[in-house]
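Working through the structure, step by step
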Amino acid sequence: MKRGTVFGVALGWLSSFGVATVPGKQIQLNRADVSPTRGALASPRTLRNLSSRPHIVEVSITAAPARLPLRPGVMSDVFAYNGQIPGPTLEVREGDSVIIHFQNKLSEPTTVHWHGLHIPAVQDGSPFNPIAPGEKHDYVFTITPGTAGTYWYHPHPDMRSGYQVAKGLYGGIIIRAADDPLPTMPEKLIILADNRLLKDGSVDFPALRSPQGIVDEENGREGDLMFVDGQLMPTITIRRGEVQRWRVINASAARIYRLALQDHTFLQVGTDGGLFEHPVEEKEILLANSERVEFLVRGTGQPGSVSLLQTLPYDRYAPQTRPADWNHPVDLLSLKYSTESAATPVTIPTTLRPIPVLDTTKATATKVVTLSQGLINGRMMDMSRVDLSAPLSATEIWEIENVVGMDHPFHLHGFQFQILDRNGVPEKDRRWKDTVNVPKHETVRFIVRYNDFAGLWMFHCHILDHEDHGMMGVLQVK
Ligand code: C2O
Ligand code: CU
Ligand code: CU
């Protein structure tokens, strides 16, 4: 399939912006259909390290078709990394040398993109380096010191990322630091990925030109099944007084989560590129596509009580394709208090780690990037074109302007950046980010330093449907 053929459809989608008449059955979140599993949350398995040498992590990942019960009692034809959804977690330490023996047992090309990692461009698993069906490929890279945090991996083949992720290909990455400032405490990796299945269990991909296909293409594909580590409504158990560290990844194609935990606040300690300088108390956290968050949950509830983690209504949509039930909270998991006696309290440090300042007076250029519906700077992705270029080791400012009436989460490969301001309002805290949501008609500025790794890097909207249809560009660092 050529991008042009999709663009024919995309044009319909662009023109639909003026007229509020996109037909289409809206997706209803019918909780009764979901038959929640309500089991204990089982975080994905960790990839087994095949090496016994120090500071070497050697693992095998195979992408292959599988049949799994995504929804209890119904088997689905899926794609899976090492037979499981989500894929097994890659756990490494700062400074480790990582070797990943990857095998593509799918009948279509794929890649594995290490989202957020600062590694050489040829190891990035971008669309420039597809792995053909049946082929093997070793990804080899070193984990940069200072990058401890939560990341994830997913396919990134040209025009097929959304399809392959929806079929089940996504997994977590945890990078640990030798000098983690947080005390040891129970940890949960929580990967959020909604999906939509047909009655027979198959993953629902409507025809491009069908009413739902048009809605999916414009909104990005959302589903009524709110998978949490591949489970529906799982339970996390906590003791009164206990503190838990939750790492949350938004692996959804299009859904933005506005996370809130009943009767609790979050003590947010980190984001995409790792820990903050200081913990921040938050009532709710907005988590756009591909973003990660780390927060502490403090067991302040009563023994035996239950609090739900929910996503609250968040209007990222254009009016004509906004789902009818967008303004209802949706339950994700339950936090259940055991009746055990209270845990002994741990002390949370008020300073976590320093984050170096990227000095705006050192910036040598400002890149202006305009996001319109399906386009970046008025153009669709073309792999043979370099859209932006920058000298290696330069510091630059990016100004991302969203000129349309729906949110676009903007992602840059390879380099963590710091947000300077949103709509001219200076960002309060310094944080390492690789994705920033740019709400409708807003402008975000960030600063980035290309301190290493010349090559071709992607930047794109992380609504996977938008990315696949060409809302992506190429940055050359040389
Ligand atoms: Cu998470 Cu270019 O992607
Ligand atoms: Cu990425
Ligand atoms: Cu977008």
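Above this note sits the structure.
Residues numbered from 1 in each chain as written. Chains lettered and ligands numbered in written order. Predicted model: local features only at pLDDT ≥ 70, side-chain atom pairs only at ≥ 80, totals over all residues. Heavy atoms only, no water.

Each helix and strand in the chain was counted, giving four helices and 31 strands. With respect to the three principal axes, the spread of C-alpha positions in the chain is 65 × 55 × 50 Å. Accessible area of the chain: about 18,400 Å², with a carbon and sulfur share of 54%. Placing the 47 positive and 52 negative side-chain charges of the chain at their respective mean positions leaves the two points 3 Å apart. (Helix = DSSP H or I, 4+ residues; strand = E, 2+ residues; numbered from the N terminus. Areas by Shrake-Rupley, 256 points an atom, 1.4 Å probe, with all protein chains shown as cover. Lys, Arg positive; Asp, Glu negative; His and termini not counted. Charge placed at Lys NZ, Arg CZ, Asp CG, Glu CD.)

The coordination sphere of the copper ion (ligand 2), as far as protein atoms go, consists of His113 (NE2) and His411 (NE2), spread over 1.9 Å. Residue His113 is located in strand E5 (residues 113-115), and its partner His411 is located in strand E25 (residues 408-412); the two are separated by 298 residues in the primary sequence. (Donors = N, O, S within 2.8 Å, 3.2 Å for Na, K, Ca; no water.)

Another point: the pattern of salt bridges. Considering all chains together, one arrives at 30 salt bridges under this definition. The closest approach of N and O atoms between Asp204 and Arg196, which form a salt bridge, is 3.0 Å. We note that Asp204, like Arg196, is buried. Arg292 is paired through a salt bridge with Asp434; the nearest N and O atoms lie 2.7 Å apart. Separated by 142 residues along the polypeptide, Arg292 in strand E18 (residues 292-298) and Asp434 in the loop between strand E27 (425-426) and strand E28 (435-438) bring together distant segments of the chain. A residue is classified by how much of its surface remains accessible, and Arg292, at 1% relative accessible area, is buried. Here the salt bridges share partners, and the residues they tie into one network are Glu91, Arg176, Asp180, Glu187, Arg245, Arg247 and Glu294. (Salt bridge = Lys/Arg side-chain N within 4 Å of Asp/Glu carboxyl O. Buried < 20%, exposed > 50% of the residue type's maximum accessible area, 1.4 Å probe, protein only.)

So, about the coordination of the copper ion (ligand 3). Protein coordination at the copper ion (ligand 3) comes from His408 (ND1), Cys461 (SG) and His466 (ND1), with a distance range of 1.9 to 2.1 Å. Here the donor residues of the copper ion (ligand 3) share one chain and are spaced in sequence as H-x52-C-x4-H.

As for its placement among the helices and strands, Thr435 is situated in strand E28. Using a relative accessible area of 0% as the deciding quantity, one classes Thr435 as buried. Reaching out from Thr435, the side chain makes a polar contact with the side chain of Ser290 at a distance of 2.8 Å. Excluding residues that lie within four positions of it along the chain, Thr435 makes contacts with His115, Asp272, Asn289, Ser290, Glu291, Pro409, Phe410, His411 and Phe417. (Polar contact = N/O pair within 3.5 Å; in protein donor to acceptor, adjacent residues only side chain to side chain. Contact = heavy atoms within 4.5 Å.)

What the rule picks out here adds up to 17 aromatic pairs. Plain terms: the ring middles of Trp114 and Tyr139 are 5.4 Å apart, the flat faces sit at 75 degrees to each other, and that makes the pair edge-to-face. Taken as a pair, Trp114 in strand E5 and Tyr139 in strand E6 (residues 136-142) lie far apart in primary sequence, 25 residues in all. Residue Trp114 shares its accessibility class with Tyr139, and that shared class is buried. (Phe/Tyr/Trp six-rings, centres within 6.5 Å; stacked < 30°, edge-to-face > 60°.)

In space, the five strands of this open sheet follow the order E23-E31-E30-E25-E28, with mixed pairing throughout. Only two strands of the sheet have a single partner each, and these edge strands are strand E23 (388-390) and E28. The mean angle between the axes of side-by-side strands here comes to 20 degrees, regardless of whether they run parallel or antiparallel. Examined bridge by bridge, E25 and E28 share four bridges and lie antiparallel to one another. By the bridge assignment for E28, Phe410 is matched with Val436. (Pairing = 2+ DSSP bridges. Axes fitted to C-alpha atoms, helices over the stretch in contact; angles between N-to-C directions.)

Looking now at unusual backbone geometry. Peptide bonds are, in most cases, trans, and in most cases residues other than glycine have a negative phi. Between Ile85 and the following residue, Pro86, the backbone shows a cis peptide bond with an omega angle of -5 degrees. Even without being a glycine, Met159 presents a positive backbone phi close to 70 degrees. Mapping Met159 onto the fold places it in the loop between strand E7 (149-154) and helix H2 (161-166). With a phi angle near 45 degrees, Met233 is a residue other than glycine that sits in the positive phi range.

With 31 residues, the main nonpolar core has Trp398, Phe410, Leu412, Phe446, Tyr450 and Leu475 as its most contacted residues. If we ignore the near neighbours within four places in the chain, the residues touching Tyr450 are Lys367, Ala390, Pro391, Leu392, Ser393, Ala394, Glu396, Trp398, Phe415, Leu475 and Val477. Judged by nonpolar contacts, the second largest core, of 28 residues, contains Leu117, Tyr139, Ile143 and Ala148. (Core = buried A, V, L, I, M, F, W, Y, C linked by side-chain atoms within 4.5 Å.)

In this section: the environment of Ile191. Positionally, Ile191 belongs in strand E9 (residues 187-195). Relative accessible area serves as the criterion here: at 1%, Ile191 is assigned to the buried category. For the pair Ile191 and Gly171, spaced 20 residues apart in the sequence, the C-alpha separation amounts to 7.9 Å. Excluding residues within four positions of it along the chain, Ile191 makes contact with Pro44, Pro86, Tyr170, Gly171, Gly172, Phe227, Val228, Asp229, Ile249 and Ala251.

This brings us to the sheet that holds E27. Judged by pairing direction, the sheet is mixed, and its six strands sit side by side in the order E22-E21-E24-E29-E26-E27 without closing on themselves. The sheet terminates laterally at strand E22 (375-376) and E27, the two strands that pair on one side only. Here seven bridges tie strand E21 (residues 365-372) to strand E24 (residues 395-402), and the two strands are oriented parallel to one another. Among the inter-strand pairings, Val368 is bridged to a residue of E24, identified as Glu399.

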